[in-house]
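The lines below spell out each chain.
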Amino acid sequence: MQIGIVGLPNSGKTTIFNALTRGEAETTAYASGTMEVHTAVVDVPDERVDKLSEIFRPRRTIYAKVQYNDIGGVTKGIGSSGGMSGQLLNRMSQNDALLLVIRAFENELVPHPEGSVDPVRDVEIVQTEFLLSDMSLMDNRLKRIEERLKKGGDPKERATYREEKELLLRLQAVLEEEKPLRGIELSPEEEKTLRAFGLLTLKPLLIVVNAGDEGYDLPDELAALNDQPETAVMVLQGKVEMELSQMDPDEAAEFLDAFGIEEPGLNRVIKKSYELLGLQSFFTVGEDEVRAWTVRKGATALEAAAAIHTDLARGFIRAEVVHYEDLMACDGSMAEARKRGLLRLEGKEYVVQDGDIVHIRFNV
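Now for a description of the structure that goes with this document. (Residues numbered from 1 in each chain as written. Predicted model: local features only at pLDDT ≥ 70, side-chain atom pairs only at ≥ 80, totals over all residues. Heavy atoms only, no water.)

### A word on the overall build of the protein
Part 1 of the argument: Secondary structure assignment for the protein yields 14 helices and 12 strands.
Part 2 of the argument: By principal-axis analysis of the C-alpha atoms, the protein measures approximately 65 × 65 × 35 Å.
Part 3 of the argument: In the protein, which comprises 364 residues, the proportion classed as buried is 47%.
Part 4 of the argument: Counting contacts in the protein only where the partners sit at least 6 residues apart, residues at least 24 apart contribute 68% of the total.
Part 5 of the argument: The distance from the centre of the 43 positive side-chain charges to the centre of the 64 negative ones in the protein is 9 Å. (Helix = DSSP H or I, 4+ residues; strand = E, 2+ residues; numbered from the N terminus. Buried < 20%, exposed > 50% of the residue type's maximum accessible area, 1.4 Å probe, protein only. Contact = heavy atoms within 4.5 Å. Lys, Arg positive; Asp, Glu negative; His and termini not counted. Charge placed at Lys NZ, Arg CZ, Asp CG, Glu CD.)

Following this line, the structure appears as structure tokens:
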């Protein structure tokens with residue numbers, strides 16, 4: 001899973017990046033004007049993995065991973081006049097979701113590009129730039145399709161272009177109503193067609209309001225965005241979270257308590273990101289390895305097998321499955337889970353649940 005961190009200049013994107021990745025990327029009070037991207041892969045915190053490792057004492061423990069990409073700032077007007085630059089759009093479109101950092105902290109030493117701190121306005125600015133970028137891409141593609149259709153050619157190829165044109169006109173109508181494309185129902189074939197377009201309003205969006213030490217209460221205008229498809233809003237105290245991420249566990253626990261923070265921002269951001277992307281974790285366990293795997297919600301046992309290794313999917317026979325909670329109810333004993341009928345055999349069409357512990361039987 002890749003998440004791109006974007007936002008207006010001086011919104012604290014890199015501070016949030018450091019908080020989420022325990023990184024030490026330089027934060028500055030000015031926009032560099034370069035296309036520098038900071039990247040880090042971090043473990044997905046999961047107490048279930050910790051507990052399973054205590055039980056099975058494997059040689060190694062592997063958590064699910066998430067990659068954060070701290071991308072250059074989005075400036076007002078960047079989406080118009082032909083759309084965003086190819087380099088910026090390419091960097092953003094490579095991500096599975098976008099994390100939009102919105103500034104809610106005051107700091108005279110860090111000027112806001114719009115002259116004042118106004119989170120509601122800033123969300124509207126960036127959303128508009130995403131919308132304009134998508135409209136520009138759509139217009140350019142439709143023009144190219146029209147040119148191809150005028151030239152005649154292979155009937156099968158023309159039929160493909162006509163189908164694409166129909167899809168783009170349907171989406172264009174949504175954009176012209178100034179609505180994002182998130183939540184639009186698309187067939188697997190349509191999703192495949194659009195994959196290479198880099199449509200920004202099609203990507204799940206997590207808005208992180210970067211608050212100062214005093215915190216921030218979401219106004220109704222921002223809280224309402226939680227009701228939009230594949231969109232969520234949350235508040236993080238970026239600077240506090242960055243300091244927290246670089247402490248040892250004991251010191252961090254005291255820090256969390258002092259600031260009244262229930263859990264680190266990294267945990268909350270990942271949980272919300274998984275929810276937006278429709279992802280879940282299942283586990284494999286044994287003496288060699290305890291490991292968390294990420295699949296989409298609704299994935300079958302066959303798809304879970306493929307996530308582990310293509311050979312397991314190719315030679316799939318059955319999946320042995322027990323849910324994490326059921327195993328814990330048996331004090332971590334697989335033998336007891338089997339005795340109680342909680343460890344069961346499932347076929348390739350079984351729908352994997354979050355927290356399932358899976359062992360694939362296969363023959364290649």
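### Here's the deal with the packing of aromatic side chains
Part 1 of the argument: Taken as a whole and judged by the stated rule, the model has 1 aromatic pair.
Part 2 of the argument: In this structure, Arg291 packs its charged tip against the face of Trp293, placed 4.1 Å from the ring centre. (Phe/Tyr/Trp six-rings, centres within 6.5 Å; stacked < 30°, edge-to-face > 60°. Lys NZ or Arg CZ within 6 Å of the ring centre and 35° of its normal.)

### What to know about the pairing of strand S9 (residues 289–296)
Part 1 of the argument: Strand direction decides the pairing type here: strand S3 (residues 60–62) and S9, joined by 3 bridges, are parallel. Across the sheet, Thr61 pairs through a bridge with Val290, a residue of S9.
Part 2 of the argument: Here 6 bridges tie strand S8 (residues 279–284) to S9, and the two strands are oriented antiparallel to one another. Its bridge partner being in S9, Leu279 is matched across the sheet by Arg296.
Part 3 of the argument: The antiparallel hairpin formed by S8 and S9 contains 4 residues in its connecting segment. (Pairing = 2+ DSSP bridges.)

### Some remarks on the packing of helix H1 (residues 13–21) against helix H8 (residues 238–245)
Part 1 of the argument: Where H1 contacts H8, the axes come no closer than 8 Å and their chain directions differ by 35°. Of the two possible hands of crossing, H1 and H8 adopt the one that is left-handed. For the pair H1 and H8, the contacting residues are Thr15, Ile16, Asn18 and Ala19 in the first and Gly238, Lys239, Glu241, Met242 and Ser245 in the second.
Part 2 of the argument: Tallied by class, the residues present in the contact of H1 with H8 amount to 3 nonpolar, 4 polar and 2 charged. (Axes fitted to C-alpha atoms, helices over the stretch in contact; angles between N-to-C directions. Left-handed = near helix turned anticlockwise from the far one by under 90°. Nonpolar A, V, L, I, M, F, W, Y, C, P; charged D, E, K, R; others polar.)

### Side note on helix H11 (residues 301–308)
Part 1 of the argument: Three or more residues of H11 are buried, namely Ala301, Ala304 and Ala305. Considered in projection along H11, the buried side chains sweep an arc of 100° and stay on one side of the axis.
Part 2 of the argument: Buried residues along H11 sit in contact with S8, S9, helix H12 (310–314), strand S10 (316–323) and strand S12 (356–362). (Arc of directions from axis to C-beta.)

### Thoughts on H1
Part 1 of the argument: With 9 of its 9 residues buried, H1 lies for the most part within the structure.
Part 2 of the argument: Here H1 has its buried residues at Lys13, Thr14, Thr15, Ile16, Phe17, Asn18, Ala19, Leu20 and Thr21.
Part 3 of the argument: Where H1 terminates, the next one or two residues include Arg22, which has phi positive at roughly 55°.

### A closer look at the pattern of salt bridges
Part 1 of the argument: For the structure shown, the criterion picks out 20 salt bridges.
Part 2 of the argument: For Arg291, the salt bridge identified is with Glu289, shortest N-O distance 4.0 Å.
Part 3 of the argument: The partner of Arg340 in a salt bridge is Glu336, with the nearest N and O atoms 2.9 Å apart.
Part 4 of the argument: Each of Asp46, Arg48 and Asp354 takes part in a single network of salt bridges with overlapping partners. (Salt bridge = Lys/Arg side-chain N within 4 Å of Asp/Glu carboxyl O.)

### Looking at the sheet that holds strand S1 (residues 2–7)
Part 1 of the argument: Read across the open sheet, the 6 strands follow the order S2-S4-S1-S5-S6-S7; overall the sheet is mixed. Where the open sheet ends on each side, the last strands, each with one partner, are strand S2 (38–43) and strand S7 (231–236). The sheet shows a mean angle of 25° between the axes of neighbouring strands, direction not considered.
Part 2 of the argument: Packing of helix H10 (residues 265–277) onto the sheet brings it into contact with S1, S2, strand S4 (65–70), strand S5 (97–103), strand S6 (205–210) and S7, and relative to S7 it is tilted by some 175°.

### Regarding a negative patch on the surface
Part 1 of the argument: On the surface, a cluster of negative charge is made up of Glu106, Glu108, Asp213, Glu214 and Glu243.
Part 2 of the argument: By secondary structure assignment, the location of Glu108 is in the loop between S5 and helix H4 (119–150). (Patch = residues over 30% accessible without salt bridge, like charges linked within 9 Å, V, L, I, M, F, W, Y side chains within 5 Å. Areas by Shrake-Rupley, 256 points an atom, 1.4 Å probe, with all protein chains shown as cover.)

### Quick word on the nonpolar core
Part 1 of the argument: Counting 37 residues, the largest nonpolar core has Leu20, Leu52, Tyr68, Leu99, Leu206 and Val269 as its most contacted members.
Part 2 of the argument: Among the elements that line this core, the one with the most residues is H10, at 5 residues.
Part 3 of the argument: Residues Val6, Leu89, Phe130 and Val209 belong to the second largest nonpolar core, which totals 23 residues. (Core = buried A, V, L, I, M, F, W, Y, C linked by side-chain atoms within 4.5 Å.)

### Thoughts on the pairing of S5
Part 1 of the argument: Most of S5 sits out of view: 7 of its 7 residues are buried.
Part 2 of the argument: Burial of the side chains of S5 extends over both faces: Ala97, Leu99, Val101 and Arg103 are buried on one face and Leu98, Leu100 and Ile102 on the other.
Part 3 of the argument: With 6 bridges joining them, S5 and S6 adopt parallel strand pairing. Note that in S6 the partner of Ile102 across the bridge is Val209.

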